[in-house]
Amino acid sequence: MLEVRELVVRYGTATALDGIDLDVAPGEMVALVGANGAGKSTLVNTLSGIVRPAAGRVRLDGRMAQVPEGRQLFATLSVEDNLRLGAWRNQRSRRDPARIYDLFPDLVRLRQQLAGSLSGGQQQMVAVGRALMADPDLLAVDELSLGLAPLVVRDLAAHLAELNRDRGLAVLLIEQETTLAFELCGRGYVLEAGRVVASGPSAELRASPAVAAAYLGGLAPAPTGPADGGDA
Ligand SMILES: Nc1ncnc2c1ncn2[C@@H]1O[C@H](COP(=O)(O)OP(=O)(O)OP(=O)(O)O)[C@@H](O)[C@H]1O
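Residues numbered from 1 in each chain as written. Predicted model: local features only at pLDDT ≥ 70, side-chain atom pairs only at ≥ 80, totals over all residues.

Novice: What should I look at first to understand the sheet that holds strand β6 (residues 138-142) in this one?
Specialist: Sheets are built from strands paired through backbone hydrogen bonds, the pairs being either parallel or antiparallel. Read from one edge to the other, the open sheet built from 6 strands follows the order β5-β6-β7-β3-β8-β9, with strand pairing classed as mixed. A single partner strand is all that each edge strand has here, and the edge strands are β5 (64-67) and β9 (195-201). This sheet shows a mean twist of 15° between the axes of neighbouring strands, independent of strand direction. Sheet topology note: the strand β3 (residues 29-34)/strand β7 (residues 170-175) ladder contains 5 bridges and is parallel. Each residue of the ladder has a partner; that of Val33, found in β7, is Glu175. Sitting on the sheet, helix α1 (residues 40-47) is in contact with β3, β5, β6, β7 and β8 (187-192), with an inclination near 150° to β6. (Pairing = 2+ DSSP bridges. Helix = DSSP H or I, 4+ residues; strand = E, 2+ residues; numbered from the N terminus. Axes fitted to C-alpha atoms, helices over the stretch in contact; angles between N-to-C directions. Contact = placed C-beta atoms within 7 Å.)

As structure tokens, this is what we get:
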């Protein structure tokens, strides 16, 4: 449903994405991991049209909604108004946030509260809910876990997995938390300095030196097997 080919993005003379190929199939959960500055947000912002590519192409069948990095809620609007804003392109009949309250019952009692006064976890619920209000086929989540307690992250991750399983929602999960990303998604991509340096099933990526290298600046994990040939 999403096909990205040879995507190049530049900010002035700096190249942020340098020939990215990436696919998400309908109903798939795909992880995009990489260290700070690798180009993850640039990629998502290009998919959603916020950033214009210098070259390459993006083909998207269906509708994509984005949970932006840092949530970016309207702090002085209520939870309910933030949710409704997610549906501004929908027909009137699909602007009722009731379905989001079914998904996140905790938001019901907060519906009139200003978004700026919520906890980080509550804000992330609203940000996910607002994106879901657009009835997307693909949800791109930029840093689900950012600044949140592990229990809250678990809860949000469980919701995403449920939406994927029950409604066939495709998810592109942008994460620095590789453990979470590879647990939740069957397949993933590792980005380093604007390039895909590894991709494949999460089980393989988890053990991949490329993942460690992307995070530790080129240091591969120490070998776990017996030393080969050395006698020290
Ligand atoms: N608006 C911008 N103008 C100039 N350079 C930018 C802009 N946005 C991002 N960059 C640069 O592009 C590169 C990729 O940044 P990006 O935010 O996409 O990385 P990221 O992987 O999402 O990082 P993080 O995990 O820290 O959010 C970085 O070198 C960054 O400094």
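Novice: What's the story with the site of the ligand in this structure? I'm lost.
Specialist: Taken together, the neighbourhood of the ligand is formed by 13 residues, with Tyr11, Asn36, Lys40, Ser41 and Thr42 sitting nearest. Going through the elements one at a time, β2 (14-24) and α1 are the ones with two or more residues in the shell around the ligand. It is α1 that contributes the most residues to the shell around the ligand, 3 residues altogether. For the shell around the ligand, the class distribution of residues is 4 nonpolar, 7 polar and 2 charged. (Near = placed C-beta within 6 Å. Nonpolar A, V, L, I, M, F, W, Y, C, P; charged D, E, K, R; others polar.)

Novice: Would you take a moment to explain unusual backbone geometry for this structure?
Specialist: Of all residues except glycine, most have a negative phi; of all peptide bonds, most are trans. Phi is positive for Gln72, which is not a glycine, with a value near 50°. Within the secondary structure, Gln72 is located in the loop between β5 and α2 (79-85). The partly exposed category is assigned to Gln72, around which 14 C-beta atoms lie within 10 Å. A positive phi angle is found at Glu143, which is not glycine, with a value near 65°. For Glu143, a count of 21 C-beta atoms within 10 Å corresponds to the buried category. (Buried ≥ 20, exposed ≤ 12 C-beta atoms within 10 Å, placed from the backbone.)

In short, geometric facts, not functional conclusions.
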